[in-house]
Amino acid sequence: MKTMGLALALALACASAYGAGDLTRQEPTRVTMVLGNAKGEHRFSPDSLTLETGKLYVLRLENPSANEYYFGSQGLADAVYSRKVVVLGAEAKVLAEVYGPVRRVELKPGAVVEWWFLPVRTGRFEDVMSTRSHTEAGMRATIDVK
């Protein structure tokens, strides 16, 4: 009986250790960033995020405005392992999935994409921006990876 209890405890300990490091078993942390707004203001909302290394994230990018926007951060792109980008349509229907490194994402008016990634390096990335003219108008954001 003691042996069975010990075996069960060991199996549970191994399963939890295995799940913590296995991306296929890790539940993602969901974070949303909105680009622009219905008033036509060029901004990221929120304009700062804090993430952790080793944690799987789904960064949902939404563009509710009538303008086209880009989301890009060379620093963040270099500090994460990109799992995929999911392009969503009406009623959150998956229209496309893109795999490989991500540098910049363009969002048309009304577009929604989800960038699945795992931060692997810490840093403060103050280079989150859209286009040069939007950046000059104040559309900037910062992402801290701890």
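A few points on the structure. (Residues numbered from 1 in each chain as written. Predicted model: local features only at pLDDT ≥ 70, side-chain atom pairs only at ≥ 80, totals over all residues. Heavy atoms only, no water.)

Points about the pairing of strand S3 (residues 48-51)
Looking along a regular strand, one sees side chains alternate from face to face of the sheet.
Then comes step 1: The two faces of S3 differ: Leu49 and Leu51 on one face are buried, but Ser48 and Thr50 on the other face are not.
Then comes step 2: Taken together, the 4 bridges between S3 and strand S11 (residues 140-145) define a ladder with parallel strand orientation. From the neighbouring strand, threonine 50 faces S11, where its bridge partner is aspartate 144. (Buried < 20%, exposed > 50% of the residue type's maximum accessible area, 1.4 Å probe, protein only. Helix = DSSP H or I, 4+ residues; strand = E, 2+ residues; numbered from the N terminus. Pairing = 2+ DSSP bridges.)

A closer look at the pattern of salt bridges
Then comes step 1: Under the counting rule described, the total for this entry stands at 10 salt bridges.
Then comes step 2: A salt bridge links glutamate 114 to arginine 30; its shortest N-O distance comes to 3.7 Å. A residue pair is termed long-range when its members are at least 10 positions apart, and glutamate 114 in strand S9 (residues 112-119) and arginine 30 in strand S1 (residues 29-35) qualify at 84 residues.
Then comes step 3: Given the relative accessible area of 10%, glutamate 114 is considered buried.
Then comes step 4: Note that glutamate 97 is salt-bridged to lysine 84, the shortest N-O span being 3.7 Å. Here the residue glutamate 97 occupies a position in strand S7 (residues 94-98), and lysine 84 occupies one in strand S6 (residues 80-88), the gap between them amounting to 13 residues.
Then comes step 5: The exposure class of lysine 84 is buried, given its relative accessible area of 15%.
Then comes step 6: By sharing partners, the salt bridges in this structure join Arg30, Arg60, Glu62 and Glu114 into a single network. (Salt bridge = Lys/Arg side-chain N within 4 Å of Asp/Glu carboxyl O.)

A few points about the sheet that holds S9
Then comes step 1: Sheet architecture is open: 6 strands sit in the order S2-S1-S4-S9-S6-S7, paired in mixed fashion. The open sheet has two edge strands, strand S2 (44-45) and S7, and neither has a second partner.
Then comes step 2: Note that S6 and S7 share 4 bridges and pair antiparallel. Its bridge partner being in S7, leucine 88 is matched across the sheet by valine 94.

Quick word on the packing of aromatic side chains
Then comes step 1: Enumeration over the complete set of coordinates arrives at 4 aromatic pairs.
Then comes step 2: The interplanar angle of 90 degrees and the centroid separation of 6.2 Å between the aromatic rings of phenylalanine 44 and phenylalanine 71 together place this pair among those described as edge-to-face. Taken together, the residues phenylalanine 44 in strand S2 and phenylalanine 71 in strand S5 (residues 69-72) connect sequence positions 27 residues apart. Judged on exposure class, the residue phenylalanine 44 and its partner phenylalanine 71 are both buried. (Phe/Tyr/Trp six-rings, centres within 6.5 Å; stacked < 30°, edge-to-face > 60°.)

Thoughts on the environment of glycine 72
Then comes step 1: Within the secondary structure layout, glycine 72 lies in strand S5.
Then comes step 2: Judged by its relative accessible area of 7%, glycine 72 falls in the buried class.
Then comes step 3: Separated by 57 residues in the primary sequence, glycine 72 and methionine 129 place their C-alpha atoms 5.6 Å from one another.
Then comes step 4: Those residues in contact with glycine 72 that lie beyond four places of it in its chain are Arg103, Arg104, Asp127, Val128 and Met129. (Contact = heavy atoms within 4.5 Å.)

A closer look at the nonpolar core
Then comes step 1: Grouped together as the largest cluster of nonpolar side chains are 27 residues, with contacts concentrated most on Leu59, Phe71 and Trp115.
Then comes step 2: The contact partners of phenylalanine 71, leaving out residues within four places of it in the chain, are Met33, Leu35, Phe44, Leu59, Leu61, Arg103, Arg104, Val105, Trp115, Val128, Met129 and Ile143.
Then comes step 3: Val58, Val86, Val112 and Trp116 belong to the second-largest nonpolar core, a separate cluster that totals 6 residues. (Core = buried A, V, L, I, M, F, W, Y, C linked by side-chain atoms within 4.5 Å.)

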